[in-house]
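Commentary on secondary and tertiary structure
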Amino acid sequence: MQAFKPEQPVRGNDEAIIISFREGNKDAFRLVYDQMVRPLTYFVENIIHSQTDAEDIVANAFYKLFHARNGMKSIEHVKRWLYVIVRNEAIDFLRLKTRQRESQYDLAYLETGVEEHIETERVRTILLQDIHKEIEKLPRQRKTILRLYFFEQKNTSEIAQIMQLSPQTVLNHKTKALDALRKSGLKIKWLLEGVPGFSIIVAAAFYLLK
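These notes cover the structure that comes with them.

Thresholds, definitions, all that
- Residues numbered from 1 in each chain as written.
- Predicted model: local features only at pLDDT ≥ 70, side-chain atom pairs only at ≥ 80, totals over all residues.
- Heavy atoms only, no water.
- Helix = DSSP H or I, 4+ residues; strand = E, 2+ residues; numbered from the N terminus.
- Buried < 20%, exposed > 50% of the residue type's maximum accessible area, 1.4 Å probe, protein only.
- Contact = heavy atoms within 4.5 Å.
- Areas by Shrake-Rupley, 256 points an atom, 1.4 Å probe, with all protein chains shown as cover.
- Salt bridge = Lys/Arg side-chain N within 4 Å of Asp/Glu carboxyl O.
- Core = buried A, V, L, I, M, F, W, Y, C linked by side-chain atoms within 4.5 Å.
- Axes fitted to C-alpha atoms, helices over the stretch in contact; angles between N-to-C directions.
- Parallel < 35°, antiparallel > 145°, perpendicular 65-115°, else oblique.
- Left-handed = near helix turned anticlockwise from the far one by under 90°.
- Nonpolar A, V, L, I, M, F, W, Y, C, P; charged D, E, K, R; others polar.
- Phe/Tyr/Trp six-rings, centres within 6.5 Å; stacked < 30°, edge-to-face > 60°.

Take the overall build of the protein next. Along its length, the protein carries 11 helices and 0 strands. Beginning at the N terminus, the succession of helices and strands in the protein can be written as α-α-α-α-α-α-α-α-α-α-α. Residue burial in the protein is summarised as follows: out of 210 residues, 41% are buried. The contacts of the protein with a sequence gap of at least 6 include a subset with a gap of at least 24, amounting to 60%. Accessible surface computed for the protein: about 12,500 Å², of which carbon and sulfur atoms make up 52%.

Set out below in structure tokens:
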């Protein structure tokens, strides 16, 4: 396996990053990895329902990406490429599991809706990634509350106990934080980009931001 080039840390825009990435720069690869590993793992896990196997599939995808890096034209190209790779490996995983277990449920799942399900999961993953980016822009306390609310599924009482705040204070912060997300233009982005499954995503966004 070819070693990464020992270069200076990558700085600059996506164009500078992809150039360094193609050259095998370790920091450029780390930037891509850090940005994509969580959403990809979430995406695969929601298809195959196994965290450990999802992590293995994503790790293998990054291994393949390293060897295919010279063909990457942009950061967006890298993202699309990774989603295709993990999607195909997730389908192969389900097919193998079906053969091994002779599961009628898995067989029916593969034959009657896997494409729609995978596309829905892909878009939902991107939506949650964008929500996470908007949450990171919030003040520290509101950021923590929304992380617990969205990503750890904690209710108001649990958040209040964790943060040693009154439930009313948690509600006030959550209301203001969600209002900031509504004003961020997050939902409008999906309409402008014409993402497949837009109606599903808007419904999900309204549910998450209610």
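Looking now at the pattern of salt bridges. Oppositely charged side chains can pair when the atoms bearing their charge come close. For the coordinates displayed, the defined rule picks out 4 salt bridges. Across the salt bridge formed by Asp 34 and Arg 30, the nearest N and O atoms sit 3.4 Å from each other. Pair noted here: Asp 34 and Arg 30 are both in helix H2 (residues 26-48), with a separation of 4 residues, about one helical turn. Residue classification places Arg 30 among the partly exposed positions, given a relative accessible area of 46%. Two residues, Glu 76 and Lys 79, come together in a salt bridge whose shortest N-O distance is 3.5 Å. In this pair, Glu 76 and Lys 79 are both assigned in helix H4 (residues 75-101), 3 residues apart and thus about one turn of the helix distant.

Core analysis: the largest hydrophobic core is formed by 30 residues, its most contacted members being Phe 21, Val 44, Phe 62, Leu 65 and Leu 82. Contributing elements (two or more residues each) for this core: helix H1 (14-22), H2, helix H3 (51-68) and H4. For this core, the leading source of residues is H2, giving 10 residues. Excluding its chain neighbours within four sequence positions, the residues that come into contact with Phe 62 are Phe 29, Val 32, Tyr 33, Met 36, Val 37, Leu 40 and Leu 82. Counting 8 residues, the second largest nonpolar core, distinct from the first, contains Ile 131, Leu 146, Leu 178 and Leu 181.

On to the packing of H2 against H3, then. Two elements in contact, H2 and H3, have axes whose closest approach is 8 Å; the angle formed by their N-to-C orientations is 140 degrees. Looking at the two axes, H2 sits oblique to H3. The way H2 lies across H3 gives a crossing that is right-handed. Residues Phe 29, Val 32, Tyr 33, Met 36, Val 37, Leu 40, Thr 41, Val 44, Glu 45 and Ile 48 of H2 lie in contact with H3, whose contacting residues are Gln 51, Asp 53, Ala 54, Glu 55, Ile 57, Val 58, Phe 62, Leu 65 and Phe 66. Among the residues making up the contact of H2 with H3, the classes are represented as 14 nonpolar, 2 polar and 3 charged.

Our next topic: the packing of H1 against H2. Geometry of a packed helix pair, given as the angle between the helix axes and the separation of the axes. Where H1 meets H2, the axes come as close as 7 Å, and the angle between the chain directions of the two elements is 115 degrees. Both H1 and H2 take part in a crossing whose hand is left-handed. In contact with Ile 17, Ser 20 and Phe 21 of H1, H2 contributes Ala 28, Phe 29, Leu 31 and Val 32. Partitioned by chemical class, the residues of the contact of H1 with H2 number 6 nonpolar, 1 polar and no charged.

Next up on the list: unusual backbone geometry. In this model, His 49 sits at a positive phi of 60 degrees, which is unusual for a non-glycine residue. Structurally, His 49 can be placed in the loop between H2 and H3. The exposure class of His 49 is exposed, given its relative accessible area of 64%. Positive phi outside glycine occurs at Gln 164, with the angle close to 55 degrees. Position of Gln 164 relative to the elements: it lies in the loop between helix H8 (156-163) and helix H9 (167-182). For Gln 164, a relative accessible area of 73% translates into the label exposed.

Right, let's talk about the packing of aromatic side chains for a bit. Each aromatic ring pair is specified by the distance between its two centres and by the angle formed by the two planes. Enumeration over the complete set of coordinates arrives at 5 aromatic pairs. Residues Phe 29 and Phe 62 carry aromatic rings whose centres are separated by 6.3 Å and whose planes lie at 70 degrees to one another, so their mutual orientation is edge-to-face. Residue Phe 29 is found in helix H2, and its partner Phe 62 is found in helix H3; the two are separated by 33 residues along the sequence. The class for Phe 29 is buried, based on a relative accessible area of 13%. Judged by relative accessible area, which is 4%, Phe 62 ranks as buried. Both rings, one in Phe 43 and one in Tyr 83, keep their centres 5.2 Å apart while their planes meet at 75 degrees; by these two values the pair is edge-to-face.

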